[in-house]
Structure formats: structure tokens, C-alpha cells
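# A look at the structure
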Amino acid sequence: MKYISTRGHTDRKQFCEILLEGLAPDGGLYLPEHYPQVDAATLATWRGLPYADLAFEILSLYIDDIPPADLKALCRKTYTRDVFGTEAIVPLKTLEAGMHLEALSNGPTLAFKDMAMQLLGNLFEYELGRRGEELNILGATSGDTGSAAEYAMKGKHGMRVFMLSPNGRMSPFQQAQMFSLMDENIHNLVVDGVFDDCQDIVKAVSNDLAFKRQYRIGTVNSINWARLLAQVVYYFAGYFQSGAEKVSFAVPSGNFGNICAGHVARMMGLPIEQLVLATNENDVLDEFFRTGVYRVRASADTHETSSPSMDISKASNFERFVFDLLGRDGERVKSLFDDQLKATARFDLSGDAAFQAARTKYGFVSGKSSHADRLATIRDTWSRFGLMVDTHTADGLKVAREYLQPGVPMIVLETALPIKFAATIVEALGREPERPAKFAGMEALPRRVKLIAADASVVKAFIAGNCA
Ligand SMILES: *Cc1c(COP(=O)(O)O)cnc(C)c1O
């Protein structure tokens, strides 16, 4: 399998070449040059596999440059009961007939990002070891990504993590989770500023090409193809557990990474009827799927909500879907994302025949959920099923109910556990969420964190000083 860019540059690359890269050189995102097809007979043979072996089967269709025995060992090392809490790894919980939750949040940081990041940590360590190289991962987080990256990379050879987060913006649980890590290769930098300041610093450091090269700076953001590929696996696992012939998935969405993996699974032939995209008040994507207009928001128009991991102004993975939607016309994608978005912060496909295909051919439908919806859904799910859901999952559940179809089970992806967003649970239910035993007393642990000014030169000096 070779990889191409959504903006049409034709330098085809192997998996391990793009593993440690972010954007393609032309500014596009990497995608496989075709989607391997999985027929009914293959599906039947995969049905009974343990999760790690299912992951190996799917990954091996996309990875030619890691020997199969090594790839299998990496999958088995990643997806264990020890790390993810159950033998099923992503167990299905039935709420009522035809309505399930797929639990993706039982990894080390209690959000679905562990599903991909844990694999990425092992892939990075393997590939860096093979090359005899090191990597310094620089990132900005408003919560779930940073902790998932740190727990995946801590203690790994050849890697350091420098993670910027905005002072006081993460939930107390998220802060405690990250800042209590004592591993020497993990550095938490709390920036006196907001999330956008953190992102600007990462951009400024990455744009200094000499610094980037000298200090081997890399990223683990959601545009990384390996992360997306790892996520494809749980769509298959959810489908198998449902026992149905066809299912729909509802996905709480922000950067379009999670649901893009569902799109890939569907393109491979997994019988998915609908991909139900749920947004919060930041409804960039809902607006596109309803109207055909993609309109990037300014920072000032990006709402701070009670499902903060979906608070986005633009969806960084969305270009991958648009590439497929427009018949993989890289020139057209380049003109939309490079020229039009830069000039006007929007593009409009409403008059394009291809836009209709988003629903008819690709199965996408969408909806949005507000703070009031979130509270109501958390209350309803608790009172009827005795189950506590987190705020993001509640957005997914709310929108899922708008698209139920007789005879097609709906699987809502549970993207985090309620303990990560306790304040809203208390607001909805008047009680604290359950806390898994291993997190008891975490907020009282000693912290390893450095408060810095919102200044790229300070971050550069810190990195230089910690790369002895
Ligand atoms: C990251 C995240 C999302 C959004 O996922 P995308 O891949 O950005 O669409 C939703 N819920 C939770 C809890 C998350 O951490």
C-alpha cells in the first residue's frame, strides 16, 4: 500500500515514511491510494478474533513495511486487558433494543484517544529504534489529546513529550492526570494564555525549520494517518459484537478524526448504513452536512462548551472526506482548502452534485446538541438505564435518537468517561460521577509542571535545555 496527499502531489510513500510526519509537503493530508475491500467471507473469518488480532488483520492491509510478525506483536502488546480493562477491549453496552454504546474509554486516560495513541506509542518506539533516531513530540492540548499522548509515550525509548496546555482551562481531573506524571521524558508546560496561544506557539516552533531539524520536533495530532487507521478497528469490533447484518454509528465529533475512521471502514465494505455526526454548539460540521457550506469559525466565535473536546473552529481531518467526496480530485481540494478557505474562510458545495452523495453514497447525516440537551440526555440515560454518560457521549446519544431506523441497530461511540467532566455531571444529576479505583486521590499527588509565558522562544529554550 502506498500513500498519497489530498492535494494531489504524487510522491507515493510507504506507511513508515508517513508515520512520523504530519502534513504532506503540499499541505495536504495522507490517504491510502485505495481502500482495501473486505468481502463477506473475510468478515466471517474476522468475527471471532480477539481485538489485537483483528487490529493486526486490518492494519496489515495498509502496512507493507513492517514485517507481519512484528506488527502482530505490536498489536498484541498494545491491546491488552491490562491496559483497556476488559477482554473485549471495546465492549458493547445495550441501552435498549436497537441502541448500544461502544465503550472506547477504558484505556489509561479514560477517553477514546487512547485507542489510537497507545498503538502510536508502540509504533513510534519500534520505528525510531529501527532507525536509531530520536523524536521530541511537541503538542498543544485542551485536555484529552495531551494526556493520551503522555500516557502512550511515557517511559518509551527515544522519545520526549513537550505538551503545552492553557492555564486553568482543563478540568481538575484532566490536570491531575497529566501533571502527576513523574516520568523524565514527559514535560508539562502550562502556558499563561488560552488554547489558541498554545497552538500558535507550536506552529511558530514548527515553522522554524532549522530548530525543528536540529531538535527532531514531531507531533502526534489527529491528522496522523496511523491514529486514524488504529480507529478503524473498533468500527469492525462494534459491528461484530452487535450481531446484526447492518449497523449505524453515531459519533461525537470535533476534528472529524473519529468519524473519518468510520468512513474508511465503510469504504472497505463494512456494512454501515448511516454515519451520524454529532456536534456541540460548535456546529461547523453539522452546518456542512445540512447545507453544503463549510464555514470556518474565528476564535472569537468558537464557544467554550461543556463538551470541550469538541470545541473546534475548523475540523482538521475533514479534508480527507472532501477528497473522497469530490472523486479524489486533488486539484479541486487544493483550490478549496488552500485558495478559497484562506481567502474567504468558507467554501460552498451546495450546488455541486457531489454534495448530495455525502448522504446518499457515503451515508453521512448530522445534528447538533446544546448544553441543555446534554443535561437532559445525561439525566434521561441515568434515570432509565442507571448508566452515567459523559458530556460528549451525551451529544452523540442525543443526535443518534434523531436518526434511528427500524431494523438497524445504532451504536453510539462512548468517547470519554463521566469522571473527566465531573462538573457537568454534578449539574445534571446532583451527584459526583463514579471514579475508577485506580484514580483515587489523584488530585492530591505531587505535580511535575512548569508555568511559562505565552512565548515561543521560552518553549524553544526549554526544549533545548531538556535535550541533553
Ligand atoms: C477528541 C474527542 C472528541 C472529538 O473527536 P474528533 O476525532 O476530534 O472528531 C470527542 N469526544 C472526546 C471525549 C474527545 O476526547
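The following paragraphs examine the structure supplied in this document. Along each chain, residues carry numbers from 1 onward, in the same order as the chain's sequence is written. With pLDDT at 70 or above as the cut-off, local features in this predicted model cover only qualifying residues; side-chain atom pairs require 80 or more to be listed or tallied, and sums for whole chains, interfaces and linings still use all residues. Excluding hydrogens and water, the side-chain figures rest on all heavy atoms present in the structure.

## Regarding the nonpolar core
Note the following rule: In this text, buried Ala, Val, Leu, Ile, Met, Phe, Trp, Tyr and Cys residues form a nonpolar core when linked through side-chain atoms within 4.5 Å. Throughout this description, buried means an accessible area under 20% of the type-specific maximum (1.4 Å probe, protein chains only), exposed means over 50%, and partly exposed covers the range between. Note on conventions: DSSP H or I runs of at least 4 residues are helices, E runs of at least 2 residues are strands, and numbering of each starts at the N terminus. We call two residues in contact whenever any of their non-hydrogen atoms come within 4.5 Å of each other.
With 116 residues, the main nonpolar core has Tyr 62, Tyr 235, Phe 236, Phe 256 and Phe 318 as its most contacted residues. For this core, the leading source of residues is helix 11 (residues 225–242), giving 13 residues. Once residues lying within four places of it in the same chain are set aside, the contact partners of Tyr 62 are Met 1, Tyr 3, Phe 15, Pro 32, Tyr 35, Pro 36, Trp 225, Leu 229, Val 264 and Met 268. If you look at the next biggest cluster of nonpolar residues, it comprises 22 residues, including Val 276, Ile 378, Met 388 and Tyr 403.

## Brief notes about the site of the ligand
Let me state the cut-off plainly: If a single non-hydrogen atom of a residue is within 4 Å of a molecule or strand, that residue counts as near it. Definition of a polar contact: a pair of N or O atoms within 3.5 Å, with one able to donate and the other able to accept a hydrogen when the atoms are protein atoms, and with sequence-neighbouring residues admitted only if both atoms are side-chain atoms. For the accessible areas, the method is Shrake-Rupley and the probe is 1.4 Å, while residue cover comes only from the protein chains on display. When residues are grouped by polarity, Ala, Val, Leu, Ile, Met, Phe, Trp, Tyr, Cys and Pro land in nonpolar, Asp, Glu, Lys and Arg in charged, and all others, Gly among them, in polar.
Among the 15 residues in the neighbourhood of the ligand, the closest are listed as Lys 113, Asp 144, Gly 254, Asn 255 and Asn 258. Separating an oxygen atom of the ligand from a side-chain N or O atom of Lys 113 is a distance of 2.5 Å. A distance of 2.8 Å is found between an oxygen atom of the ligand and a backbone nitrogen or oxygen belonging to Asn 258. Bound to the protein, the ligand loses 96% of the 380 Å² it would expose on its own. Partitioned by chemical class, the residues of the shell around the ligand number five nonpolar, eight polar and two charged.

## What to know about empty space enclosed by the protein
Note the following rule: Here a cavity denotes grid points, spaced 1 Å and computed from the protein atoms alone, that fit a 1.4 Å probe unable to get out, and a pocket denotes an open set having protein on both sides within 12 Å along at least 5 of 7 lines; residues with an atom within 4 Å of a point are the lining. Grid points are joined across faces, edges and corners, and a volume is the space filled by probe spheres set on the points.
Enumeration according to the criterion identifies one cavity of 30 Å³ or more in this entry. Taken as a whole, the largest cavity encloses approximately 30 Å³ of empty space. In terms of lining, the largest cavity is formed by Ile 18, Glu 21, Gly 22, Tyr 30, Ile 223, Asn 224, Trp 225 and Arg 320. Of the residues assigned to the lining of the largest cavity, the class counts are four nonpolar, two polar and two charged.

## Describing the side chain of Gln 175
Tracing the backbone through its elements, the reader meets Gln 175 in helix 8 (residues 172–179). A residue is classified by how much of its surface remains accessible, and Gln 175, at 18% relative accessible area, is buried. Polar contacts involving the side chain of Gln 175 include one to the main-chain carbonyl oxygen of Met 170, which spans 2.7 Å. Excluding its chain neighbours within four sequence positions, the residues that come into contact with Gln 175 are Gly 168, Met 170 and Arg 447.

## Let's talk about the pairing of strand 7 (residues 186–192)
Put simply, the rule is: A strand pair is defined by DSSP finding two or more bridges across the two strands. With its strands directed away from the observer, a crossover is right-handed exactly when the path from the first strand over the helix to the second travels clockwise.
The buried fraction of strand 7 is high, at six of seven residues. As defined by bridge partners, strand 6 (residues 159–166) adjoins strand 7 across six bridges and the pair is classed as parallel. Residue Val 161 lies in a different strand from strand 7, and its bridge partner there is Ile 186. Handedness of the crossover joining strand 6 and strand 7 through helix 8: right-handed. Sheet analysis places strand 7 next to strand 15 (residues 450–453), joined by four bridges and oriented parallel.

## Things to note about the sheet that holds strand 6
Backbone-to-backbone hydrogen bonds pair the strands of a sheet. The strands run either parallel or antiparallel. For clarity, the threshold we go by: Convention adopted: a line fitted to C-alpha atoms gives each axis, helices being fitted over their contacting stretch, and angles between N-to-C directions are expressed from 0 to 180 degrees.
The strand order 8-5-6-7-15 describes an open sheet built from five strands, whose pairing is parallel. Each edge of the open sheet carries a strand with a single partner, namely strand 8 (217–218) and strand 15. Packed on one face of the sheet, helix 7 (residues 144–153) meets strand 5 (135–140), strand 6 and strand 7 and runs near 160° to strand 6.

## What to know about the packing of aromatic side chains
Worth spelling out the cut-off: Only centres within 6.5 Å qualify two rings of Phe, Tyr or Trp (six-membered ring in Trp) as a pair; their planes then separate them into stacked at under 30 degrees, edge-to-face at over 60, and tilted for everything else. A ring is considered to have a charge above it if a Lys NZ or an Arg CZ atom is located within 6 Å of its centre and within 35 degrees of its normal.
One pass over the structure, following the stated rule, counts 29 aromatic pairs. Here the aromatic rings of Tyr 62 and Trp 225 are separated by 5.8 Å at their centres, their planes lie at 55°, and the arrangement is tilted. Here the residue Tyr 62 occupies a position in the loop between helix 3 (51–60) and helix 4 (68–78), and Trp 225 occupies one in helix 11, the gap between them amounting to 163 residues. Here Tyr 62 matches Trp 225 in class, with each residue buried. Arranged with centres 6.4 Å apart and planes meeting at 15°, the rings of Phe 256 and Phe 289 form a pair that is stacked. On the criterion of sequence distance, the pair formed by Phe 256 in the loop between strand 9 (247–252) and helix 12 (257–267) and Phe 289 in helix 13 (residues 284–291) is long-range, its members being 33 residues apart. Each member of the pair, Phe 256 as well as Phe 289, carries the same accessibility label: buried. Aromatic rings pair up to connect Phe 256, Phe 288, Phe 289, Tyr 294, Phe 318, Phe 321, Phe 337, Phe 347, Phe 355, Tyr 362 and Phe 364 into one cluster. We note Lys 460 situated over the ring of Phe 211; from NZ or CZ to the ring centre the distance is 5.7 Å.

## A short note on the environment of Val 202
Topologically, Val 202 is positioned in helix 9 (residues 195–207). According to the relative accessible area criterion, Val 202 is buried, its value standing at 13%. Non-local contacts of Val 202, meaning those with residues more than four positions away in its chain, are made with Leu 138, Gly 139, Ala 140 and Leu 164.

## Examining helix 8
In terms of burial, helix 8 is largely enclosed, as seven of its eight residues are buried. Taken together, the buried positions of helix 8 are Phe 173, Gln 174, Gln 175, Ala 176, Gln 177, Met 178 and Phe 179.

## Digging into the sheet that holds strand 4 (residues 99–103)
Spatially, 3-4-14-9-10-13 is the arrangement adopted by the six strands of the open sheet, whose pairing is mixed. The open sheet has two free edges, formed respectively by strand 3 (92–96) and strand 13 (364–368), since each of these has just one partner strand. Across this sheet, the average inter-strand angle for adjacent strands is 25°, counted without regard to direction. In this structure, strand 3 lies alongside strand 4, joined through four bridges in antiparallel fashion. Paired with Lys 93 across the bridge in strand 4 is Leu 101.

## Looking at the state of the cysteines
Condition: Any cysteine sulfur atom paired with another within 2.5 Å is treated as part of a disulfide.
Using the criterion set out here, one finds zero disulfides in the structure. Take Cys 260: it sits in no disulfide, and the sulfur closest to it among the cysteines is that of Cys 75, at 20 Å. Residue classification places Cys 260 among the buried residues on the basis of a relative accessible area of 1%. With no disulfide partner, Cys 467 has as its closest neighbouring cysteine sulfur the one in Cys 198, 19 Å distant. Judged by relative accessible area, which is 18%, Cys 467 ranks as buried.

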